[in-house]
Every structure is written in C-alpha cells, then in structure tokens.
Amino acid sequence: MADVALTSDAAEPLEKAQRRRWGFGARMRQHAGILGGLALFLALYLFYQANHPRGFTGQILIQNANEAFALALVSMAQTVPVLMAGLDLSVGAVMTLVGCIASHLVNGSPAEIAFGIVICIASGAACGFANGCVVVYGRIQPIIATLATSAIYMGFALILRPTPGGKVHEDLSWAVTSDVREFAATFGLFSDGEAVWLQPFAWIPVPLILLALIILLVWVPFTRSVTGRTVYAIGSAEGAAYMSGLPINRAKLAAFTLAGLFAGLGGLFLALQTSSGNADIPQAGAYTLNSIAAVVIGGTSLVGGSGSAIGSVIGALVLRTISFNFRIFDVAPLLQPLFEGLVLLAAVSLGGLKLLRLRNKLEVFR
Amino acid sequence: MSKTATIPAPQGFRLKPDDKPVIFAAGFVLLILLVGTGYTMLTQGSAPLLQPQYLLQQLQVGSFLGIVAAGLMLVILLGHIDLSVPWTLTAAAMMATAVGGPWAIPVGLGIGLLVGIVNGLGVAYLRVPSMIFTLGMNAVMRGLMVAHTGGFAPQTAATDLMQYLAVARIGGVIPVALLVWLAVSALVVVILTRTTLGRAIYAIGNRERAAYLSGIDTNRVILIAFALSGAAAGLAGVLLAGYSTKAYQGMGDPYLLPAIAAVVIGGTNILGGRGRYLGTLVGVILIVLLNSVLSIMQMPEAGRQIIYGTVIIAMLLVYGRGERVTG
Amino acid sequence: PKSVSGPGPDPNCFKPWNAQTKYMQWDKKPGPYRIAVVNGFVGNTWRIQMIQTAKAFAEQAGIKDKIKELKVVSTGTDVAAQLGAMEDFINQGFDAIITIAVAPDGFDRVIRLADRNNVVIVPFDNVLDTDKVMQVNEDQLEIGRSSARFLLKELGQKRDGKILEVRGLPGNSVDRDRHLGFRELMEKEGKFQIVEVVGNWDDGTAQKATADALAVHGKFEAVFTQGGSTGSVRAMMDAKHPFVPMAGEGENGYRKLIAKHAGDGLKGYSYSQSPGLVSISMKAAISALEGNPMPQLISVPIPAVDYTTLKDNVNFWSNLTDNFFAANEFPACGVNVTAPEIMAKDAKNTQ
Amino acid sequence: MEPAPFFALENVSKRYGGVHALRDVDFACSRGSIHAVLGENGAGKSTLMKIMAGVVQPDEGRMTLEGTPVMFPGPAAANRAGIVCIFQELSLMPELTVADNITLSSPPRRFGLIDGRAQRRRSEELLARVGCEDIDPSARVADLPLSRRQMVEIAKALGRNPKLLILDEATSALTAADVDLVYRMLFDLKARGLSILYISHRMHEIEALADRCSVFRNGRHIETFTKGTRSRDEIIGLMIGREIEGQFPPKPERPRPAPFIEIRDLSWESRLNGVTLEAGRGEIVGLGGLDGQGQKELLLALFGVLRGVRGTVTVEGRTMAMSSPRAAKSGRAHMALVPEDRKSEGLILSMSIADNLAMASLDRLARGPFLSARRTRAVVQEAIEQMRIKIGDAGDPVATLSGGNQQKVVIAKWLATGPDVILLNDPTRGIDVGTKQELYRLMRELADAGACILFYSTDYEELIGCCDRVCVMYDGRIVRALEDEAINERNLIASALNIVGQREPAHG
Ligand SMILES: Nc1ncnc2c1ncn2[C@@H]1O[C@H](COP(=O)(O)OP(=O)(O)OP(=O)(O)O)[C@@H](O)[C@H]1O
Ligand SMILES: Nc1ncnc2c1ncn2[C@@H]1O[C@H](COP(=O)(O)OP(=O)(O)OP(=O)(O)O)[C@@H](O)[C@H]1O
Ligand SMILES: [Mg+2]
Ligand SMILES: [Mg+2]
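Thresholds, definitions, all that
- Residues numbered from 1 in each chain as written.
- Chains lettered and ligands numbered in written order.
- Predicted model: local features only at pLDDT ≥ 70, side-chain atom pairs only at ≥ 80, totals over all residues.
- Heavy atoms only, no water.
- Disulfide = S-S within 2.5 Å.
- Helix = DSSP H or I, 4+ residues; strand = E, 2+ residues; numbered from the N terminus.
- Buried < 20%, exposed > 50% of the residue type's maximum accessible area, 1.4 Å probe, protein only.
- Contact = heavy atoms within 4.5 Å.
- Buried area = accessible area lost by both parts, 1.4 Å probe.
- Salt bridge = Lys/Arg side-chain N within 4 Å of Asp/Glu carboxyl O.
- Polar contact = N/O pair within 3.5 Å; in protein donor to acceptor, adjacent residues only side chain to side chain.
- Phe/Tyr/Trp six-rings, centres within 6.5 Å; stacked < 30°, edge-to-face > 60°.
- Lys NZ or Arg CZ within 6 Å of the ring centre and 35° of its normal.
- Near = heavy atom within 4 Å.
- Areas by Shrake-Rupley, 256 points an atom, 1.4 Å probe, with all protein chains shown as cover.
- Pairing = 2+ DSSP bridges.
- pLDDT = per-residue confidence, 0-100.

Draft legend 1. Layout of the state of the cysteines. Across all of its chains, the model carries 1 disulfide over all chains by this definition. Here Cys 13 of chain C pairs with Cys 333 of chain C through a disulfide, and the sulfurs are 1.8 Å apart. What sets the handedness of the Cys 13 of chain C and Cys 333 of chain C disulfide is the S-S torsion sign, and at about 105 degrees it is right-handed. Here Cys 13 of chain C, found in the loop between β1 (2-4) and β2 (23-25), pairs with Cys 333 of chain C, found in the loop between β15 (305-306) and α10 (339-343); they are 320 residues apart in sequence, far enough to count as distant. The class for Cys 13 of chain C is buried, based on a relative accessible area of 1%. Here Cys 120 of chain A is not disulfide-linked; the sulfur of Cys 100 of chain A is the nearest cysteine sulfur, at 10 Å. Residue classification places Cys 120 of chain A among the buried positions, given a relative accessible area of 0%. The closest cysteine sulfur to the non-disulfide-bonded Cys 132 of chain D is located on Cys 85 of chain D, 19 Å from its own sulfur.

As structure tokens, this is what we get:
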C-alpha cells in the first residue's frame, strides 16, 4: 500500500528530470558536431561556387568531386579506428601502397582490370587486417602500431614504384573521373548515355555516385551490424564491452580491416585519377594528417564512442573547400599557407566553443 | 630516478617493468653497433663505429633530437602530443638568426615558448584535441615562416654563440651540444621525479578527472608542459641552426616522427601516465644510431622504412604490450 | 595544339632539347593573357624564390603589358589537389598554366581538358613523362655529366679512390637523372669506389649524411652533392677533412664557401637548377599563345660556375644570406631579375 | 525441502599472484530461490561471481550446470549457458544510448541488420519490467545518474533472459524506492524459477530478500544457512570473524553549534532550486532524499566544480567564491570532497597508494617547486595508520586494494589536507559492515575535532545512525530538516517523497 504510493511518487520527479534533458534539443546536440561541419562546408562551398566564373556547372562539380574523393575515403578510413578510441596513422601509406599496386595491375583486358581491382581492394583490406593483428594480438597501442606499419607499407610502395610511373586503363580512368553521361558514353552503355531516362542524372559526377554507393553498401550496414555496434561500444568502454560478452577482438580486427579497405579504395581511385602510382612519402603523410583533421571537423570524438564516417566525409570536403577559395580570390601567394593554417586552426577550435555551454566542469574529462 | 613510485606497476611488480625498456633498448643499441661494425669490417676492414670520436659525433648530432624528445615526453606523459614541433623548431631557428647578435638565442627560445603556450591554451582551455590543435599550429607557423622569408629576406646566419653551442668541443673532445642535452635531461628528470609539477603530470596522464578533483590545477599543468615542449623545440632549433651555421625552411621536418618513436621505444605509454626519462634517453640514442648505420650501409629508402617499422614493432612487442582486457 | 615543324622564334632562348624535338603550335589568341602558376610544395627557399621571381617577371617591362592577370597558388604535395587547381583554372578560362608537377604522371585528364579549351600548360623543373605538352627544364642528365666532367678534370690523373655522392629526394626523377648522368661518366672514366648517401637536397640531412660517411670512410678524393651542398662542406670542415674537389648546387652559401676556400683546395663547381626557370616558362607560354611554333621540350642552358669563374656580386653575393639560389637571370632570354632583387626585397613589394 | 542444485562449484580455487582470492570453495545455488552471498571486502565474492560468469577462470575446481560439467572461456559462453551477471563495476557503454546498451549483445535484426525500431520497443518493455518507464531509451547512458544506470544494467541483464542471475552489489547506489522496484522484480523472477545470487553489504536488503545466505571470509566459504536461522549479529560475526558492538558511535548531547558555513539559496541550472542550509563545526549534517534530487550537485557546487552557480556561501561570515576545487581546497573553508565514484574520481588506480595519499596535499608537501620526500613519507605513514588501511607496500598500485580499502585511501588523502568542511558523497557504497563502522567512528571523531561534515547517503539507516541533523532534498531544494528524534525511517521516506510539505514544487 505504502509501496504503491512510494514507487509512483518516486518515478515522478525523475520523469521530469528526464523530460527536461531528453527533448528534441538533446537529440540535436548528439549530432551537433556533424551539423556544424555541414554548415561550415555549405557556407564555404556556396561562397566558392557563387564567386566562380563558371559557378554551379557540371565541370566545377566534377573537378571538385575528383579532388575530394581520395581524401574523403581516407577520412572514412580514419573514422573507424577513431571510433574505437585509436588512431590509424597508416591510412595514407595504405592508400599509397594500393595506388602503386593499381598502377601495375589495373590495365589491359576487362578481365585483367577486374582482377587488378579485386587485388587492390583485397590488399588494402589485408594491410588493415595486419594493423588489426598487431593491435589485437601484439596488444600495441593503435597509434604507435600504425605509425610503424605505415613505414613498412611505404617501404613496400617504394619497392613497387622506386620512381613514379605506371599505367592504368585510360578509358576507365577517364570514365570514373567524369560525369555519368561520359561514363556511359565511354563504355557505350544506355545508348551512349543519351537514354532519356538517364538525362536527369547525366550531370552527376561518377565519384559522387561511387562515394554514395560505398556509404550505402559498406558503411551503413556496418554501423547496423553487431560488429559495428561493438566498435562503438569498445570506444565507449572497452572493459564494459568485454564484460557484456561482446566479441572485442573480432570487432577490432574488423574495424582496422574496414579502415584498410576504405584507404585502399581511396588509393585505387587516386591511381585511376592520375593513371599512375607514386610512392610519395610526404603526400602519404599529408593525407593521414588531413584525415585526422577531417574526422574531427566531422564531429567524431577522438576519445571514441561517438561519431560517423559520413561526418568525416563532410570534414574532408571542408578541408578541400578551404583551398578552393584561394583559386578565386587574390590572396598573396606567400600568405596562402598562413591563411590555410589559420582557417584549419579556427575550424578545429570551433569545438572549443561548446565549453562555454558546459556547466559541469567534470564533463570536460571524458 | 631510482625510487619512482610514480610509475605504476600493473601486477604488483616494482621497478622491473619500467627497467625493461631501458635494458632492451640499450641491448638493441649494441646490436646496431655490432651489425654496423660487421658491415664496415667486410667493406673497409676497419671498425670505425666502435671508436669514441664516431660515438661522440653521433651523440652531438643526437642531442638535437634528444632535446626535442625530452620536451615531447612531458606532453606525451600527459596523454597529449605535440605535432607542431617541426615548424616551432624552424621558426625559432629562423627568428633567432634573423635577430642575430646577443638576442638571437633568447629570441629563439622565446618563440618556442610562445608557440608552446598557444598550444597549451588551445589544448587546456579550449579543450581542442592536441593531435589537431598542434597540427594546426604547425601549419600556421609554416605559413608565417614562408611569408617571413618571402617578405623580409631575413638574415639566416647563425651567431658565433649558436655555432659554439652546436659544434664546439671542450678540449676538442666533449661536444658542447652533448652537455646542453645533458643539462636539459637533468632538468626533465628533476621535474618528473622531484617536483609537484612532475607528480601532477603523471596524475593527469593517468586520470585527469581525479587529479582535478584532488584540487590540482590541471589546465595550468597542461599549459606548462606544452610551453616546456615548445621551449625545448626552440632550443633544438637554435642549436640546429648553429650546427648547419644557418637557419632554413623545413629544417625541423625530420625531427617529429623520430622524436615520437624515441619516446615510445623508451617505454613511455603513448596514452600518458607512465614512462621514465632514462628510457627516452636510450630511445634517442637508438634512433640516431639506427639512422646513421643505415645511411652508412647505403640502405635504400625502401629498406630504411621497412626496418624502422619493424624495429618499433619488435621493441614494443618485447615490452610495450598493454594489459589484456578483463573488466 | 597541332604538331608542326620548327624552327620557332628566339632559338637561343627557346632552345629545342635536341634535333628530334618536335614543335607544337596553338591557335593564336589575342593578349593580354591570364596566366596561372600552380605550384606544389611551398616551404623551402627555392619555391619561395621561384614564386617571387614569377611575380617580379610579370612586372618586367615588355612582359607586363602582355599579362592581364597572374595568379599563383600552392597546392602542397598532393597530386589530387594540384590536378584540381589546374582544372579549376582551365574552367576559370585562364589562357596558360605554368606548373611544377608534384608527380611526373597523371596529368592526362588535365591535358585533355586543356587541349579542348586551347589552354597552354607548361610544366617546368619537375616535368612530366609525356610529349603532349610544352615543357621547360634544364638537362638533369647533363647536370650529372658536367659535374662528373669537372671532378675528373680536377682529379687530374687520379682515377681510383673513394668518391662521395650525396643524392637528393629518393624516388624523384631529377635525383634519378642527375645520378645516372654522374655515374655514366665516372664509371666509364675510372675505377672509383663511389659511396652513396641520401641528402634529400636538404642542408641538415646532407650534413649529417656526409658526416656519417666521413666518419666511416675517412678520406674521399672528391664529392658530388646534388643539393644541400653547403651542408656537405660544413660536415667536411667539422670533421677536419681536407678540402677536395666538389660539385654541387647553386646555393649562395655554397658559392661563398668555394670563394673563401678555393685556395685551400675546395675546388668547387656549382651548377644551378634556377628558380628563374619560371620566367622562361611564362615567356614560352606567352609566345605560344601568340601563335608561334614552340619546341615541345625547351632545354634551358645550365647556369654553372666554378672556383675560377666565381665573382662577388655577379654570380654570388658574399654579403647576402646562404639560402637563396644565386643563378636567377637568363640574359639570353631577356630574363633579368637577379637573385638579390628577388630575395632582398621587403614586405611591401611582395604583395 | 532442499531444492536440487542448479549450478554447483566444487573445490574451486583462484589465486592472484600471492593473493588467495578463493580457496577450495564448494558452492551451489538452486532454481526458484534468492541466494545471498555475504562477506567483507576482498572476501572473494566478486571473484566467485566472475568465475561463474566466465570472466576469470579458476585455477582448480569443477563447475556443473544442472549436473553436466561446464567451463566458460569467456563471458559470452556463460551468457549462452543462461548465466548473466550484473557486475559491481557497471558494464554499460556511456556514449551509447540506453537502447543500444540494453540490446547490445543480441539486438533484434532485420535482414541481418539491427532494427532500430524493434530495439527501441524491446528496451522500452524491459525498462517497464523494472519499473523505469521514465528512462528514455534514446538517452545517452552517460547522462543518467548512477542509480538510473544500475536500473538500466538490470534491464539489460533481464533482456538476456537468464536462468541464473547474479547481482554483485548491483543495488549499491539504489535508493529505497528503486530497491523496492528491484525487490518485486526479483520475487517475480524467483516465482518463475530463476536462480538468483545477490551480493550486498546492506543487511536489511539481505533480510528482506534472501532465502538462503552463504558467508565468505578471506577466500573461504564459511557457512551456508537458511534465512532466519541466524541473527544479524551472528551473521556479521561470521563475516568479519569477530563480534562488533553497536554499529554507530553515540551522538554527543550538546546545544547546536554556531554556523560555520552558511549556504543561501544556491541555484544551478534546473537541478538546484534555492538550497539554503547551514552547518557548524562539530556537526554531521546528513543529506537525504531520493537519489538525483540535487544532493550531488549541491556538493559539487560547494566544491567549485559547477559553473554558473547562483546564491551565496559564507564561511565564518566571509563570502567565498566557488571557482574551482583548488580554490575550495585552499580557500578559507579548507574543503574536502569524497566523490561519488572512487574508481574514476577519487583515485588514480594505476598510481601507487603513497602517491594517491599525497595527491591532494602536494603543495603542502612541497618546498618551492620541489616535493619533500621526507614530509611525504611522514604524511603517508600517518594516513595509513590513522585509517588502518590494510596494504602490503605503499608503493603498490592502489588498484590492488579492495574497494573498502580503496575508499579509505580516498578519505585519508583528504584528511591529510586538514579540512574544515568535509563533503561526503555516499562514502560507504560497497563497503562492508566492519569498514563502515570504522568510517562512522572516524566521521564522529573528525566532527568532534571541529570539522563540519556534509554527508550524503543513499542508505537511510546510516543517516539515522550518525547524523546530528538530516536535510532531505527534493527536486533541487531542501524540503525538510529533521533533528534528533525526528530522524527516523518514516519521516525520511515521507519527506523524501515530499508527501508532507508543499506537494508541487513552486516553479514550472
Ligand atoms: N584482478 C585481481 N588481481 C589481483 N588480486 C585480485 C584480483 N581480483 C581479486 N583479487 C584478490 O581476491 C580477493 C577477493 O576479491 P573480491 O573482488 O572477490 O572481493 P569481494 O568479496 O568482491 O570484495 P568486495 O566486497 O569489495 O567486492 C581480493 O582481496 C584480492 O586480493
Ligand atoms: N590489478 C589488481 N592487482 C591486484 N589486485 C586487484 C587488482 N584489481 C583488483 N584487485 C583485487 O580485486 C578485488 C576486487 O577488486 P575491486 O576493484 O572489484 O574492489 P571492489 O570489488 O570494487 O571493492 P568493493 O566491492 O568494496 O567496491 C580487490 O580486493 C582487489 O584487491
Ligand atoms: Mg565485490
Ligand atoms: Mg569486489
């Protein structure tokens, strides 16, 4: 009797507490990071398009898509380990290595090309898997493990391509770096891309379509799988995840393998785009560091547990768009690096603003 | 150094686990020397690597990396990282030579300190991940230096004092640079083992939340650590300029990754909270000798890269392994 | 562009690479022109000097009125970004694009677009492995050979002993060509033991690498340092290694050292991959836009001096800093911006 | 009468390095019964449970499940066998939503992919089963108070429809109201024939729930008996191997001292709505009420952890700024806070006991920037003796201490700073009776020595037992202050539910 009163009353104030916290606003706040990134990107990009002599045309879109694709994929790759609260410093190296492999294999008859592409994707995944093994069975911190493996992968890349060069299938290279119509035309599909039903999409750049496919067919299923969920769980609280009987090791291996796969796809595209391979150490480094920046701008927390590869794609786009604008405006060439640095610093520091909202200082530490 | 209760031992063992890195790294240093000597024996029939002047020269060259690593270690112990080292170092060197005269060195150190403080502010007070903020700072410093060189055609000649510190040898034997390195090392050891600052650094590296609730001003500690790291980079820049008698664009680029590797090979936990300076010291020597011997053996770049990677993994497999998760 | 037969205008400036070099011709366009310089990596003195030169040259009388707009961007060591930038300038309707390629391949797509839009692309310094564009460079193989020739001359009768070769950036075609040229002669001429170390064209790295080599090998008969030559000399001085004949780049510092120590045996040779190449490339682009037939591969004479021909304030400047590259002007081409003019400017006239 | 064993262990032993966590233990539990496991900190309870749940493997011994021998390589295996454990250290992922957590290991799927809607529905019904409809499944666990998290943890466990359910101090942070929910759920489960193992350091819970009790003492299974065959004192005797006389120290008979610290309508966000209270030297003032009514926020606010706190706090008439723990510690009211979660907030587990003890008083131990090794050693020694902390070597990581001793370290590290105002946030959670008694004694000694203590507890017995006054909080304000006789179970619960006093809080 007293009990009844007790429970019902007990629930009441708490319910209020909950409501106070879990309105629409809270949901938004969960995605604040990614939304911020999106806003930043739209602002910068529309500004660029609006001021471009040929703004809002197919060519510009294609050119930008081509430029952004590799970085976008490498950033997606970086996201997965970061969700597990680990960094992967080898994404740039894996991209480079796969690019070098592609410059040897992706050429010749359709069969050979298909085979080459499969090998490229497989070896990207294999590199990732190797990282996973070092982390899981070697029990070495991801950031260091991948720092080491990246050196090894660069070594292999240098062996495959002591000096830049190689060849990839020209039509394929042209097709994947153009819009849908060109793609169809190159391979004589859909009556050379003139099919009526195709026209609404004819202007879409192929890289964007590839990106969308990768997200829909690989990333989304991953996040909705138990393994994917486990990755988030590990980033959030590894011990607890283990106690809950989750497959920790499998998830870690899967995560790094997926990272390798994405990075590999990036490398494959870069090879197609440049129809060559180049074991360029500074370039690999640049991609790795940019991928980290992209991940953060995309609203993924470096301490793990929350974020999304889609955010990282947006982050990558933000980074690219910053430099787009230098081509439109007259910035003294020797001041460009400075501006670039400042904008990057500002972009990543935006996250610091949420501190102003923070009321409980303890929330800083997690 | 001896009684470092601050360095936690997982399973109740005491000093053993943190001696391991030092011992193994030292062993590996010997191995490198032996391999190198084997090579020279075969090619020249002489063993120059075992002669004191070679080793002293390596220590002289190594002291630049050593000083960078010493500063970086403070930051890594916090569980942070400082990617702005390359262009902090360069900026310090370039500004020092640009100013020249008696003010050269103070200015160089000042620049380092300044960049460090900005890093500290960003990381501690804005709570931007150090990984990213220092990356941005690195880009900014590069931008500044490009504009500086392009715009002002600065003087780039190192002052005599800078050259003295970097290349002079006391009695023609002991490199002054080495003494500078040792001085810095002594300072870091004292900070880490004997001061409240050091204790706070380890505490924050382990669990900042608890440190904060113990009334430690964690933001201030982070700020100081980054400032010190910056200053160390600045000092290294000044010395390096002295060594090559001038400051030039990009002179800091070859120092970041080796420094990180040295700290980690020395047994410092990259996530912070654990590690002793002696390890870093040995780690630096290991990296420097490895570089030198590979260069002597005319190892092609590919081989170098693969060997670096393998060495780091191998060393960590021996002693750098984390605990298996069980709740 | 259509493939035509030479000769083109101003042959001692636009010198064809060799007899086989074919000529290209673009449709004549009315000036003045919009020219873009797409640089890759920025953040070493050479690139900065190059960018400054480009801007100074655009102001030079006789050029100024032919250029409506000059835009310079640096894309960093990222081939995708560089391709994007070039494509962007094509789309913006620029007439010519001067570039230092981040990689020798992968520009096929951009070249296709450029040809469609009748845009002239001129790679220089790091050139492309293609004959579809007009390119400007010094003959890197020849740089290697001439260095070898000089050293052999200075070594007199001596045809054995150790030679130190300090190479440049691994994997870079310039490094490869200079190396091949050098080895070609040295190995033909004598039975030297050539010790090879990597210096990345960077003073500090070259200095360390040289120091290591000296520590191990004791004495060298001669030294060839592709870049970062100053570092190599410093290392020898630190190691109290006697001065020996040496071939190296065109850094002012290196030339200062030669001038100072030639008497003590530093018989030095200093070729220069000049940042001034950018001016010639711009000039070539303009000439192409004016409809002249141009050599597909333009060979720029190698500005080289040795300890006998060094002259203060002419081909080196003892009172200026070490870092810049002394050879900047090419009188034969009417490129008259000297290094000091570039590198001794102050803030306001860089904007 | 004796039901057939469902899960049985035979002479199981487990050692950690030198420590015998369990020695040659026989233990069995049967379906349809709630089986309590009692023992001091470090007695081996958690280890036993961890073994049953497959988290750790025994060194020796056999386990049989319904007669057939089993062994579990990991928690996953045990789960599959129907053995589910709610661990003392919660096993939730703070960044994930409640729904994600509850359905973590076997989420509802469509076409192999996790089905968000079904998952939400499932978690809602599970939460309903433990009577927590108020928890929004899409809330992040990190944003829930500890008590709510423990309820989520329980819902999560139910979600795996266990045959054997283990609760290892799973209720340590629950308030009377929640505990009551859990009771009913447990009885319900028992009725359905589940076997339930229940670990708690709270006697009244054991008495209310258990059918049978097993007592452990330093790794050995001392005795198992049916409830009611042993008196409370006998049981405690079995647990700690000695008799303990009267659990709470006597309260002093004296007029109420003059206020030392005065808090005037303190407000923060929507969690504190004008708290006014004062406490004098020598007083132990309890903070009562349901969990999550702002007690923790009050302590944090005083300690300078919260931003944007309105209201005034005066110490001996002087206003003090609540800017940071550092200020609170070194300011005129030398404050000390024993925080909610000792493992993440109170201690630095991987650092040595000595370092932890010195952590709060670093600047008092320093000469200039330098730490004085001598002073430090002295302080550590004193602390260890004063608190009777059972340790091997002060250089060992504090993680090697049992929770009880860990808690002592937390308190000792603050006593070393010689505080005037001591804020205690549920300091006895998961602490065994013996240790609790020591703490109570200590609190009283400190008070008598002139300290002023604010003591929040979720266990009303101890509020009754050791407080001079109890201020009961409801919805961020103090709804009732109880003094001596008035401090009793009835009043506490009544005012906790705000049954007396104004029914609805004034603000919206
Ligand atoms: N991971 C471990 N490493 C070393 N020793 C351990 C470990 N876990 C348990 N022990 C030892 O086993 C003993 C029993 O630990 P256990 O956790 O079972 O105690 P408990 O009964 O759960 O105490 P509490 O009431 O605090 O939960 C401890 O005293 C400890 O010495
Ligand atoms: N790394 C370790 N080394 C040695 N012993 C350990 C270690 N980790 C835990 N223990 C032991 O395990 C036992 C249980 O540890 P735990 O952290 O669970 O304490 P606890 O159960 O939280 O205590 P309480 O139940 O009072 O809260 C403790 O007695 C401790 O001695
Ligand atoms: Mg326990
Ligand atoms: Mg326990």
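Still to come is the rest of the account.
Draft legend 2. Summary view of the interface of chain C and chain A. Of the residues lining the interface, 37 residues belong to chain C; the matching set on chain A comes to 43 residues. Carbon and sulfur atoms supply 52% of the area that chain C and chain A bury against each other, a total of about 3200 Å² over both sides. Between chain C and chain A we count 3 salt bridges in total. Between Lys 167 of chain A and Asp 108 of chain C there is a salt bridge whose closest N-O contact spans 4.0 Å. Linking chain C to chain A there are 19 residue pairs in polar contact (both at pLDDT 80 or more). Contributions of two or more residues to the side of chain C that touches chain A are made by α1 (45-59), β4 (67-74), α2 (79-91) and α3 (108-116) of chain C. The leading source of residues in the side of chain C that touches chain A is α2 of chain C, at 11 residues.

Draft legend 3. Layout of the packing of aromatic side chains. What the rule picks out here adds up to 20 aromatic pairs over all chains. Taking 4.3 Å as the distance between ring centres and 40 degrees as the angle between the ring planes, the aromatic pair formed by Phe 69 of chain A and Phe 269 of chain A counts as tilted. Placement of Phe 69 of chain A in helix α4 (residues 58-83) and of Phe 269 of chain A in helix α15 (residues 248-274) is noted, with a sequence separation of 200 residues between them. Take Phe 69 of chain A: its relative accessible area is 4%, and that puts it in the buried class. Given the relative accessible area of 3%, Phe 269 of chain A is considered buried. Relative to Phe 94 of chain C, the ring of Phe 89 of chain C lies with its centre 5.0 Å away and its plane at 70 degrees, an arrangement referred to as edge-to-face. Through a chain of ring-to-ring contacts, the aromatic side chains of Phe 150, Phe 182, Phe 224, Tyr 269, Tyr 271 and Tyr 307 of chain C assemble into a single cluster. Taking the ring centre of Trp 174 of chain A as reference, the NZ or CZ of Arg 112 of chain C above it sits at 4.2 Å. Directly above the aromatic system of Phe 225 of chain D lies the positively charged group of Arg 230 of chain D, at a separation of 5.5 Å from the ring centroid.

Draft legend 4. Broad picture of the environment of Gly 304 of chain D. With respect to the helices and strands, Gly 304 of chain D occurs in the loop between α9 (295-302) and β16 (310-315). Linking Gly 304 of chain D and Leu 357 of chain D, residues 53 residues apart in sequence, is a C-alpha distance of 22 Å. Here Gly 304 of chain D is in contact with Lys 361 of chain A, Tyr 212 of chain B together with Met 322, Ser 323, Ser 324 and Pro 325 of chain D, once residues within four sequence places are set aside.

Draft legend 5. Structural detail: the site of ligand 1. Residues and elements named next belong to chain D. Residues in close proximity to ligand 1 total 14 residues, the closest being Asn 41, Gly 42, Lys 45, Ser 46 and Thr 47. Between ligand 1 and the protein, one listed contact pairs an oxygen atom with a backbone N or O atom of Gly 44 at 2.9 Å. Glu 169 is positioned with one of its side-chain polar atoms (N or O) 3.1 Å from an oxygen atom of ligand 1. Across the complex, the protein chains shield 76% of the 620 Å² of accessible surface that ligand 1 would expose by itself.

Draft legend 6. Spatial organisation of the sheet that holds strand β13 (residues 294-295) of chain C. Residues and elements named next belong to chain C. One open sheet accounts for 3 strands, arranged β1-β2-β13; its pairing is antiparallel. Where the open sheet ends on each side, the last strands, each with one partner, are β1 and β13. Bridging between β1 and β2 involves 3 bridges; their strand directions are antiparallel. Bridging across to β2, Val 4 finds its partner in Tyr 23.

Draft legend 7. Molecular detail of the confidence of the model for chain B. On average, residues of chain B score 89 in pLDDT, and 93% of them reach the 70 mark or higher. Confidence drops under pLDDT 50 across residues 1-15 of chain B; counting only partners more than four residues distant or on other chains, this segment forms 35 contacts.

Draft legend 8. How the structure looks around the arrangement of the chains. Among the 5 pairs of chains in contact, the pair with the most contacts is chains A and D. Taking C-alpha atoms as the reference, chain C and chain D come no closer than 36 Å and do not contact one another.

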